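The residues making up each chain are set out below.
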Amino acid sequence: MTGIRYADLVDGASIRIAAGARAVRLRPFDDRDEARAALRDFHAVLDALETHTWTLITPSRLAGLPATTRIEPVVAGAIAMVDGIRDVVGAERPHPSMLDLADRDWAQAALRVRGASDLVGVHHDQWGEPRSPDATIVTDPSARDSALVRVARQLDTILATESSLGLRCIQAGVHRAEVSRWLPDLAANRAPAQHLIQSSGEQLDGGRLDAVRLIGEPPRTADPVEHAEDLLLRIRQRAWELPGDPDYSVATLRDLATVGLMVTAHTAAAHGSNLTANPPTLGEDCEHLMRAAAHWRDLRADLGVYRAPGPADPTIRADVLSLRGLLERLAPLEGRTPTDPRAAVLLRSARATVGELAAAGSQVFTQLADHGHIHIHARDLAPEQIGEDADLLSARIAGTRVSAPPARWRATVERWDRAAGSSNSELGAPVTVPSRDQAFVPVLTRVPYTGGLQR
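First, a word on what this report is: a plain description of the structure on this page. (Residues numbered from 1 in each chain as written. Predicted model: local features only at pLDDT ≥ 70, side-chain atom pairs only at ≥ 80, totals over all residues. Heavy atoms only, no water.)

Check the secondary structure of the protein and you find 18 helices and 5 strands. Looking at the 455 residues of the protein, the share that counts as buried comes to 51%. Counting contacts in the protein only where the partners sit at least 6 residues apart, residues at least 24 apart contribute 83% of the total. Surface accessibility of the protein: about 20800 Å² in total, with carbon and sulfur atoms responsible for 53%. (Helix = DSSP H or I, 4+ residues; strand = E, 2+ residues; numbered from the N terminus. Buried < 20%, exposed > 50% of the residue type's maximum accessible area, 1.4 Å probe, protein only. Contact = heavy atoms within 4.5 Å. Areas by Shrake-Rupley, 256 points an atom, 1.4 Å probe, with all protein chains shown as cover.)

So, on to helix α5 (residues 105–121). Along an α-helix, residues three or four apart share an orientation, since each turn contains 3.6 residues. Between the first and last C-alpha of α5 there are 24 Å, a value that for 17 residues agrees with the 24 Å anticipated at 1.5 Å per step. For α5, the full list of buried residues reads Trp 106, Ala 107, Gln 108, Ala 109, Ala 110, Val 113, Arg 114, Ala 116, Ser 117, Leu 119 and Val 120. (Expected span 1.5 Å × (residues − 1).)

Moving on: the packing of helix α7 (residues 141–159) against helix α10 (residues 187–199). When two helices pack together, their arrangement is given by the angle between the helix axes and the distance between those axes. Close contact between α7 and α10 brings their axes to 9 Å; oriented N to C, the two are set at 135 degrees. The angle between α7 and α10 falls in the class oblique. The handedness of the crossing between α7 and α10 is left-handed. Contacts between α7 and α10 involve Leu 148, Val 149, Ala 152, Arg 153, Leu 155, Asp 156 and Leu 159 on the former and, on the latter, Asn 189, Arg 190, Ala 193, Gln 194, Leu 196 and Ile 197. Considering only residue class, the contact of α7 with α10 consists of 8 nonpolar, 2 polar and 3 charged. (Axes fitted to C-alpha atoms, helices over the stretch in contact; angles between N-to-C directions. Parallel < 35°, antiparallel > 145°, perpendicular 65-115°, else oblique. Left-handed = near helix turned anticlockwise from the far one by under 90°. Nonpolar A, V, L, I, M, F, W, Y, C, P; charged D, E, K, R; others polar.)

Before going further, it helps to examine unusual backbone geometry. Of note, the amide linkage connecting Asn 278 to Pro 279 takes the cis form, showing an omega dihedral of 5 degrees. In this structure, Pro 279 sits in the loop between α12 (250–270) and β1 (281–282). Here Asp 185, not a glycine, exhibits a phi torsion of approximately 75 degrees, which is positive. Relative to the elements of secondary structure, Asp 185 occurs in the loop between α9 (176–182) and α10.

Where two aromatic rings form a pair, the distance of their centres and the angle of their planes describe that pair. A complete count under the given rule lists 2 aromatic pairs for this structure. For the ring pair Tyr 306 and Phe 365, a centre distance of 5.3 Å and an interplane angle of 65 degrees mean the geometry is edge-to-face. In this pair, Tyr 306 is assigned in strand β2 (residues 306–307) and Phe 365 in helix α15 (residues 341–370), connecting sequence segments 59 residues apart. The two residues Tyr 306 and Phe 365 agree in class, both being buried. Against the face of Trp 409 rests Arg 410, its NZ or CZ located 5.3 Å from the ring centre. (Phe/Tyr/Trp six-rings, centres within 6.5 Å; stacked < 30°, edge-to-face > 60°. Lys NZ or Arg CZ within 6 Å of the ring centre and 35° of its normal.)

See below:
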């Protein structure tokens, strides 16, 4: 994976747009060729910003959110600020400027804005259906509006140079008529952009959209923190896909529970807990982490009694095994303070990720169990779960497997829900020294609680 986020592309574009505008104001062009290149780059940025504006607006429209601009003032202003730009820069697609990869400020800014458009667009298909868990961020009105305001700032920056650019081109020998064709006075576009900026206050970022990344890239392996981050991202993506494309495997769901257990345990270790001691030594404010780890541990053990027709997802299984080794390096269970400060940030964000894994796992497990794809050995059922069902009684006597009865599998769904809820706790800054001892049983080695199952 490249690790590129939406903010990286948009912020990089803003820097190059401002640099190009400053160069136009401070330095004359050397000749007409340089002046005409600047005019083409000017159009390239305008075209990229117009395209990006519609890329931000379209997904929420296709998702069925309110389409009337009267109740969406930011969207109305954004549409007004790019109105008519395509008539100026041309409607040819791909735009001719996309073939120019020169290292000029505005040319590079246009490439970055187009990259941001592609990054946002990949999270929905052509019909507006989501393709990733981050699709909800792309269609979130507040995230979209924040991003549109930043586009307005970029557009205002480059349109502010229109008159200076025209003067520099004429000074370089470009005919006035040619300059007029390229620069037809875009004050009508700059006014709504400025209004959008003024009405938005001091907001300078894209909100939640800033952290959105591409999907489908191979993980980076050169750096352990980046490698772990990318593996978690890929596991999260596959877990999100499972409800719509289940692999009919309990083993895959158990792998997701393993991720939840590992992340929670290593987060406790990063906060100063020594989970290999007997009894474990807990860092400050780690009790809730131990309870969360216990939920994941019990869920993982509970899933072990089930069987399903599908094999484990090989990609998830390989990623989980790789992640285990990486987390042991980054935040050892002995409770040593992570040497890389990025590890604490990774684990903090991973806690939110495993909450999403629990929600997806619960949904998949419910779907499979409700359709009779989850089986269990009848002898693993408690008497109250068998009741007076003759088929279950016969299967218990014969020692055979049966489809998990609702009384049994709903108890597992509750375990998924407890694991999801326990992954939403806010964490403070990691502590550097364990502060006290607690008589907790080791989370990773304890014989799991079976919830009263009779064996």
